[in-house]
Amino acid sequence: MKAPKFLFLYLLLTAVYFEVWAGNHYQTPSGVAYYIEPMYQFNWFEAYFECSYRNMSLYTIKNIEQFQDLHSLLMSGKFNNKPPNLWIGGIGLKSKFFWVKTQQPMTYDDLWAPNNPDNANEMEHCLQIWSGKRYLNDLNCERKIGFVCESNSEDHLTAMAHNEGKYRGLTINLYQNNRV
């Protein structure tokens, strides 16, 4: 009787692992791996939680070379010959954007699409990679597009392992700067 229960538990855990880790993993020309969801069905907040569920973060630009490497992957034809619009880990107000993962300001002004960020209708507070272009754009956070996740640093993984709740670390990261 113990064998069927063990087998069932093993199969269940394998299925959960497969759902979380399998699927949309891609590697850039320089060998960096990303999880990319090209389907247009996630707002920025849903994309943030999808990455967190995979113990990853929405993509953060660390330098121009890294961004160009990801852009090469997006233009490689692996996405039905149409590069997707993708949420990345930047949010902001009134043309001041920062990276959620590092809490550092977004300083790559030369990556903005022409006339951006424009905060159209005062509703565009989330950052996206614009399909087929080597540009960033501010977009309404509720729009449904794809997203790109990157792996977390070792320090972040260790910290998350010590948290009790599934989203405890996420909550701390989102609100730690709002303390009085």
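Residues numbered from 1 in each chain as written. Predicted model: local features only at pLDDT ≥ 70, side-chain atom pairs only at ≥ 80, totals over all residues. Heavy atoms only, no water.

A. Quick peek at the pairing of strand β6 (residues 124-129). For β6, the tally of buried residues reaches five of six residues, placing the bulk of the element in the interior. In terms of strand pairing, strand β4 (residues 86-93) meets β6 through three bridges, oriented antiparallel. Bridge pairing in β6 links W87 to Q128. Direction of pairing for β6 relative to strand β7 (residues 136-140): antiparallel, over a ladder of five bridges. Residue pairing for β7: L127 is matched across the bridge by D138. Turn length for the β6-β7 hairpin, with the two strands adjacent in sequence and antiparallel, is six residues, and the turn residue G132 shows positive phi of about 70 degrees. (Buried < 20%, exposed > 50% of the residue type's maximum accessible area, 1.4 Å probe, protein only. Helix = DSSP H or I, 4+ residues; strand = E, 2+ residues; numbered from the N terminus. Pairing = 2+ DSSP bridges.)

B. Quick peek at the packing of aromatic side chains. Counted under the stated rule, the structure contains eight aromatic pairs. Seen from their ring centres, Y34 and Y59 are 5.6 Å apart, and the 80 degrees between their planes marks the pair as edge-to-face. Here Y34 is found in strand β2 (residues 33-42), whereas its partner Y59 is found in the loop between β3 (56-58) and α3 (64-74), with 25 residues between them in sequence. On the basis of relative accessibility, which here comes to 0%, the residue Y59 falls in the buried class. (Phe/Tyr/Trp six-rings, centres within 6.5 Å; stacked < 30°, edge-to-face > 60°.)

C. Geometry of the environment of W87. Its location among the elements puts W87 in strand β4. Relative accessible area serves as the criterion here: at 0%, W87 is assigned to the buried category. Residues W87 and Y48 lie 39 residues apart in sequence; the distance between their C-alpha atoms is 8.7 Å.

D. Focus on α3. Q66, F67, D69, L70, H71, L73 and L74 are the residues of α3 that are buried. Close packing links the buried residues of α3 with β1 (25-27), β2, β4, β6, β7 and β8 (145-151). Measuring from the side-chain oxygen of the N-cap residue of α3 to the backbone nitrogen of E65 gives 3.2 Å; that N-cap residue is N63. (Contact = heavy atoms within 4.5 Å. Polar contact = N/O pair within 3.5 Å; in protein donor to acceptor, adjacent residues only side chain to side chain.)

E. Representation of the pattern of salt bridges in the model. Within the structure shown, the criterion is met by four salt bridges. Between E50 and R54 there is a salt bridge whose closest N-O contact spans 2.8 Å. The buried category is assigned to R54, whose relative accessible area is 7%. Here E150 ties to K101 by a salt bridge, and the two come within 3.5 Å at their closest N and O atoms. (Salt bridge = Lys/Arg side-chain N within 4 Å of Asp/Glu carboxyl O.)

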